[in-house]
Amino acid sequence: RIHRIICPLVLTCMQGNAAALAVLLSLPSIQSLEPDLTEALIAASREGYTPVVRTLLHTPGCPVSADARGSQALLVACREGHVECVKLLLAAPHN
């Protein structure tokens, strides 16, 4: 059985911690974490953390696209009924 290690960026978004997210996004190496940015966006969308979703969507390198499992932040937000997150994701430029 493989256990996935959750990176601090994704964990922060799962918890909706906008202040910690701002600190993590200020790190110079954040642009090299594109898969983690995608996972973080999906996690925040799943939980309905609108401020976190907004911050991630304004982060250079954060793709609004499918992750490795084929799940998308928009679909997750719709499924969970997070209307404000859905609106933000629909308005975001898609890569």
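Our structure's up above, just so we're on the same page.
Residues numbered from 1 in each chain as written. Predicted model: local features only at pLDDT ≥ 70, side-chain atom pairs only at ≥ 80, totals over all residues. Heavy atoms only, no water.

1. Notes on the environment of L37
For step 1, the next point in the chain: Of note, L37 is situated in helix α3 (residues 34-47).
For step 2, the next point in the chain: Using a relative accessible area of 0% as the deciding quantity, one classes L37 as buried.
For step 3, the next point in the chain: Through-space distance from the C-alpha of L37 to that of P63 is 7.5 Å; in sequence the pair is 26 residues apart. (Helix = DSSP H or I, 4+ residues; strand = E, 2+ residues; numbered from the N terminus. Buried < 20%, exposed > 50% of the residue type's maximum accessible area, 1.4 Å probe, protein only.)

2. Digging into the side chain of T59
For step 1, the next point in the chain: Along the chain, the position of T59 falls in the loop between α4 (50-57) and α5 (73-80).
For step 2, the next point in the chain: Using a relative accessible area of 8% as the deciding quantity, one classes T59 as buried.

3. Considering α4
For step 1, the next point in the chain: The complete set of buried residues in α4 reads T50, V52, V53, L56 and L57. Down the axis of α4, the sector holding all buried residues measures 160 degrees, keeping them to one side. (Arc of directions from axis to C-beta.)

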